[in-house]
Amino acid sequence: MRGYGVRQGVLRALVVFLLMLACWLVVRRDSPGWEAASGRPRRSLGAIYPRVSANGEAIVLSYQGAIWRVERNGGVMRRLSREAGFDVVPAWSPDQKVVAYQNSTTGELRWLDADRGKVLPIPRQVLVGGKLYFHPEANRLLGNFRLSQGRDQDYLLAWLDLQSGALQSILEPPRNVPVYCLSPDGRQIGFITTQDVSGEQSGHNGPQADVWMVPSTGGEPRKLTQFRSRIFEVWWGADELFFSSDFGGAHNDLWAMPIESPARARRLTSGQADEDSPSLSADGRWLVYTDNRESATAVMVRDLNSGEEQAVTVSGFDYGQPTGGLRISIHDKATGQPLTARLSVQQIEGKYFAPPGALYRIHGQLEHFYASQQAELDVPAGTYRLQAFHGLEYRTFRQEFEVEANRQTKVEVSLRRWTEPTARSWYSGESHIHANYGYGHWYNTPETMRLQLEGEGLNVANFMVANSDTDGVFDREFFRGGPDPLSGAQHILYWNEEFRATLWGHMTLLDLKYLVEPVFTGFKDTTNPWDSPTNADIADQTHLQGGHVNYTHPANNLQDPFLSAYSAKALPVDVALSKIDTLDINWGQATINLWYRLLNCGFRLPASAGTDCFLNRIRSRLPGSDRVYVKIDGSFSYRDWIENLRAGRSFVTNGPMLEFSAGGQTLGQTIQRTRPAEVTIKASVDSQFPLERAEVVYNGQVVAPATLSTDQLRATLEVPVRLERSGWLSFRAYDRDQHQAHTSPIYVEIAGAPTVSEADALYFLSWIDRLEAKLNERGRVPSPALKSRIERQLNAARDVYRKIASPKG
């Protein structure tokens, strides 16, 4: 019994202790940054563009669109800017009293007191693009500036006089320089140029970067050296240039180049992810940069005297005002089941907020992050607007609410469907997503990609293994030859390949069991500078393993689709040779027109969609913002999705939902009649936004408009259409907010006659002549035998179009 009493006393004491601890935690909850301080200190927050002060003691940076300050050794991070807009590229004044930066939402130059965060007046309103550097005398600011938003103006590298507001251009002729730096004494400017040429895709003419020096007062630039790969960001130390480059791999590392001996450039960092944004203290000791190995960026500090390196750990956030907690829960309104969603949290007339470490991104002007089931964050007390999204099939959730100081606010996000395509056996996907690609901020993994895939309600996401401008191939490490193990029953992640050719065009290769080599062609001064193998050869390799070949971003020049730098120049050849399974048609009217011409020639080319989005970049498109819906009879699987996509049972949309049949046939099937005849067309479209029009197209011409409902959210038709000749039928819809949708064709055979269009066939014969002239101009075929092989492919395609143009000849 005595032991029992002792135990009771211990339990009472423990209860008292826990109550006291809880009370202490409530008190602690009042202090800024409590959330981070109460948990483990954070290193990978997602801060970008760090700049170390001249004395090396403090760092300013951009974090979630605000300018912040933190000590070099870490601790509480203090917010400096709070006005609306996304603030980036901060720069210290020499006396460390002022921080200049760019509001990238408006493009305006701004600056503030580096200690209190008070906004300071500027001598003249200018727009800025790129990084900023104060002159050591603090009387001038270096940047790419322009005076207005007018389209006839470009950003020009110039000095801004901080007294008069006058701009003085540095280079002759005046021009924009994306990558540049200022020497510590302010007498020289270093800048970088590439080998890229107008009208050609980047990397076409080689990956090398030329390093130049020019007096800061202007004059003739002097070429210091040519580095062997791209240089993205650069900082001028005492006698070295510190820069980031992807030389030797797919990811960015930091390098140091002695100015007197540039050939002795050495790599300072290495790893699977990116190191970027170097800056250096005035004494040359403290090197500060970002590292995204943990998905979100960490700010790193290296002591160049000792070689020791550590991350800046943040123990809390000081917003300069009281904060409160915000807890957001997310569920489906109809089922009550938890959901993953894209969330946007903005203080009214102020900044956006996301949990620490979230891979925040911007779509349009809306900053957002993804959250599974719930999200928790601390924010300044005030009025907020929350928007929540879950792809195309759900309505946007919007709510305004108050966050009170020192209290937790709970918000329930109840997302409501307006359509349910899977209930009708339609499954969404897209063919062109880059998880990690050059010049991004974040490093994505299957975990972060699944979060985004689920947040956009995509059933199938095809991620691309691909190069950019050099030999480096991104995301090869994620290729599995099948769906990623993190895939779920309704959400499939599949790393495939984008084959990128600087002459022929780009193809996305789907359902791959192994990567097709080479991954690219036609990049000068790389491991494969040749225009061989052709896209037709790559398509053959893909089909040998049962893969699917799709052309992506075919055209964007409405007047002349051939001239686009990234246009699908070999598309007419490869379609004629039966190498292509589908075409991404979500690239505007230039692409639609090209597709119609191919269909008019009798080719059966189903529609697909790919956004070509870059999800390691803060500004990019959303995955699945354009998507293809594929009809599957029976259970859903990746293989069934691919097979039905290839069969043409698809429609492409960024909003409206379509159904279409003709003559008893559905998408991808063929109407066969022995003579011209009438068939019944049935079509419908549903939209969550008012429709402008919906119509049936026959061989490229509108033959039957649909009738809009009173609320204009639905359109239907059931009408007879007379089919006079072979060809194709399709259904398309447009709403007033520039959303649109288009089905794959239903094909038409009248009396067994082929589909022919002399004008379109002649158009493609001329196209092939231009392609061959471009091939000869480039001179990038390494042997007569290979040149002869390519010519045979071109001539075989010509024969196909000649027969179409003269079917009786």
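For the structure, check the block above.
Residues numbered from 1 in each chain as written. Predicted model: local features only at pLDDT ≥ 70, side-chain atom pairs only at ≥ 80, totals over all residues. Heavy atoms only, no water.

**Q** So what exactly am I meant to see when it comes to the overall build of the protein chain here?
**A** Of regular secondary structure, the protein chain possesses nine helices and 57 strands. Expected size for 809 residues packed as a compact globule is a radius of gyration near 28 Å; at 29 Å, the protein chain falls within 12% of this value. Taken along the three principal axes of its C-alpha coordinates, the protein chain extends 90 × 85 × 55 Å. Here the protein chain holds 809 residues, and 59% of them are scored as buried. Long-range contacts, defined here as pairs at least 24 residues apart, represent 62% of the contacts in the protein chain between residues at least 6 apart. With an accessible surface of roughly 32,200 Å², the protein chain has 49% of that area assigned to carbon and sulfur atoms. Measuring between centres, the 86 positive side-chain charges of the protein chain sit 2 Å from its 91 negative side-chain charges. (Helix = DSSP H or I, 4+ residues; strand = E, 2+ residues; numbered from the N terminus. Rg over C-alpha atoms; globule rule 2.2 N^0.38 Å. Buried < 20%, exposed > 50% of the residue type's maximum accessible area, 1.4 Å probe, protein only. Contact = heavy atoms within 4.5 Å. Areas by Shrake-Rupley, 256 points an atom, 1.4 Å probe, with all protein chains shown as cover. Lys, Arg positive; Asp, Glu negative; His and termini not counted. Charge placed at Lys NZ, Arg CZ, Asp CG, Glu CD.)

**Q** Help me understand the sheet that holds strand 34 (residues 408-415), please; the structure alone is not making it clear to me.
**A** Sheets are built from strands that pair by backbone hydrogen bonding, the pairs being arranged parallel or antiparallel. Read from one edge of the open sheet, three strands run 31-26-34, paired in mixed fashion. One side of each edge strand has no neighbouring strand; the edge strands of this open sheet are strand 31 (374-380) and strand 34. Sheet twist, expressed as the average angle between the axes of neighbouring strands with direction ignored, equals 25 degrees. Examined bridge by bridge, strand 26 (residues 323-332) and strand 31 share seven bridges and lie antiparallel to one another. Looking at strand 31, one finds that threonine 323 is bridged to proline 380. (Pairing = 2+ DSSP bridges. Axes fitted to C-alpha atoms, helices over the stretch in contact; angles between N-to-C directions.)

**Q** Looking at this model, I keep getting lost on the pattern of salt bridges. Mind explaining?
**A** Note that side chains of opposite charge can pair when their charged atoms are close. Evaluation of the coordinates by the stated rule reveals 46 salt bridges. When the shortest N-O distance is used, the salt bridge between arginine 649 and aspartate 633 registers 3.1 Å. Of this pair, arginine 649 sits in the loop between helix 7 (638-646) and strand 46 (650-653) while aspartate 633 sits in the loop between strand 45 (627-631) and helix 7; the two residues are 16 residues apart in sequence, bridging distant segments of the chain. Given the relative accessible area of 19%, arginine 649 is considered buried. Taken together, the shared-partner salt bridges connect Glu692, Arg693, Glu695 and Arg732 into one network. (Salt bridge = Lys/Arg side-chain N within 4 Å of Asp/Glu carboxyl O.)

**Q** Teacher, can you tell me more about the nonpolar core here?
**A** In globular proteins that are soluble, nonpolar side chains generally tend to be buried together. Core analysis: the biggest nonpolar cluster contains 88 residues, and Trp595, Trp641 and Tyr801 have the highest contact counts within it. Each residue touching tyrosine 801, except ones within four places of it in the same chain, is listed here: Pro572, Ala576, Leu598, Cys601, Phe603, Ala761, Phe764, Leu765 and Ile768. Counting 53 residues, the second largest nonpolar core, distinct from the first, contains Tyr360, Leu377, Phe401 and Val411. (Core = buried A, V, L, I, M, F, W, Y, C linked by side-chain atoms within 4.5 Å.)

**Q** How should unusual backbone geometry be read in this particular structure?
**A** Residues apart from glycine generally show negative phi values, whereas peptide bonds are mostly found in trans. Omega for the peptide link from glutamate 172 to proline 173 comes to 0 degrees, which places this bond in the cis form. With respect to the element layout, proline 173 can be found in the loop between strand 12 (167-169) and strand 13 (179-182). For the peptide bond that leads from glutamate 517 to proline 518, omega is -5 degrees, which places it in the cis range. On the secondary structure map, proline 518 appears in the loop between strand 39 (505-510) and strand 40 (520-521). Positive phi outside glycine occurs at alanine 138, with the angle close to 60 degrees. Take alanine 138: it is sitting in the loop between strand 9 (133-134) and strand 10 (140-146). Relative accessible area serves as the criterion here: at 35%, alanine 138 is assigned to the partly exposed category. Here glutamate 349, not a glycine, exhibits a phi torsion of approximately 65 degrees, which is positive. Here glutamate 349 lies in the loop between strand 27 (340-347) and strand 28 (352-353).

**Q** So what exactly am I meant to see when it comes to the packing of aromatic side chains here?
**A** Any two aromatic rings considered together are summarised by their centre-to-centre distance and by the angle between their planes. Per the counting criterion, the structure on display carries 38 aromatic pairs. Plain terms: the ring middles of tryptophan 426 and phenylalanine 651 are 4.9 Å apart, the flat faces sit at 70 degrees to each other, and that makes the pair edge-to-face. Residue tryptophan 426 is located in strand 35 (residues 426-434), and its partner phenylalanine 651 is located in strand 46; the two are separated by 225 residues in the primary sequence. An identical accessibility class is assigned to tryptophan 426 and phenylalanine 651; each is buried. Note that arginine 51 overlies the ring of tyrosine 133, its terminal NZ or CZ placed 4.6 Å from the centroid. The lysine or arginine in question, arginine 72, covers the ring of tryptophan 286, its NZ or CZ lying 3.7 Å from the ring centre. (Phe/Tyr/Trp six-rings, centres within 6.5 Å; stacked < 30°, edge-to-face > 60°. Lys NZ or Arg CZ within 6 Å of the ring centre and 35° of its normal.)

**Q** Mind showing me how you'd approach the sheet that holds strand 3 (residues 66-71) here?
**A** The strand order 1-2-3-4-25 describes an open sheet built from five strands, whose pairing is mixed. One side of each edge strand has no neighbouring strand; the edge strands of this open sheet are strand 1 (47-52) and strand 25 (314-318). In this sheet, adjacent strand axes meet at a mean angle of 30 degrees when their direction is disregarded. Two strands pair when backbone bridges link them, and strand 1 and strand 2 (residues 58-63) are joined in this way by four bridges, in the antiparallel orientation. Opposite isoleucine 48, over in strand 2, you have serine 62 as the bridge partner.

**Q** Any chance you could explain helix 8 (residues 758-778) here in plain terms?
**A** Because each turn of an α-helix spans 3.6 residues, side chains separated by three or four positions end up pointing in the same direction. Taking 1.5 Å per residue as the helical rise, helix 8 with its 21 residues ought to reach 30 Å, and the 31 Å between its terminal C-alpha atoms agrees with that figure. Of all the positions in helix 8, only Asp760, Ala761, Phe764, Leu765, Trp767, Ile768, Leu771, Glu772, Lys774, Leu775 and Arg778 are classed as buried. On its buried face, helix 8 sits against helix 5 (571-576), helix 6 (589-600) and helix 9 (784-805). Residue glycine 779 follows helix 8 closely and has a positive phi angle near 60 degrees. (Expected span 1.5 Å × (residues − 1).)

**Q** How do you make sense of the pairing of strand 54 (residues 714-723) when you look at a structure like this?
**A** As a general feature of sheets, a regular strand has side chains that alternate between the two faces. Pairing of strand 50 (residues 677-686) with strand 54, which is carried by 10 bridges, proceeds in the antiparallel orientation. Counterpart to valine 679 in the pairing with strand 54 is valine 721. Taken together, the two bridges between strand 53 (residues 707-708) and strand 54 define a ladder with antiparallel strand orientation. Bridge pairing links leucine 708 to alanine 715 in strand 54. The loop that links strand 53 with its antiparallel partner strand 54 comprises five residues; one of these, glutamine 712, has a positive phi angle of about 60 degrees.

**Q** Quick question: what am I supposed to make of the side chain of aspartate 113 here?
**A** Its location among the elements puts aspartate 113 in strand 7 (residues 108-113). Among the polar contacts made by the side chain of aspartate 113, one reaches the main-chain amide nitrogen of aspartate 115 at a distance of 2.7 Å. Looking at aspartate 113, its side chain comes within polar contact range of the main-chain nitrogen of arginine 116, at 2.8 Å. In this structure, aspartate 113 is in contact with Leu80, Lys97, Lys118 and Leu120, ignoring residues within four places of it in sequence. (Polar contact = N/O pair within 3.5 Å; in protein donor to acceptor, adjacent residues only side chain to side chain.)

**Q** So what exactly am I meant to see when it comes to the environment of glycine 663 here?
**A** If you trace the backbone, glycine 663 turns up in the loop between strand 47 (657-662) and strand 48 (665-666). Distance from glycine 663 to alanine 100, taken between C-alpha atoms, is 66 Å for residues 563 residues apart in sequence. In this structure, glycine 663 is in contact with Ile671, Arg673, Val679 and Thr680, ignoring residues within four places of it in sequence.

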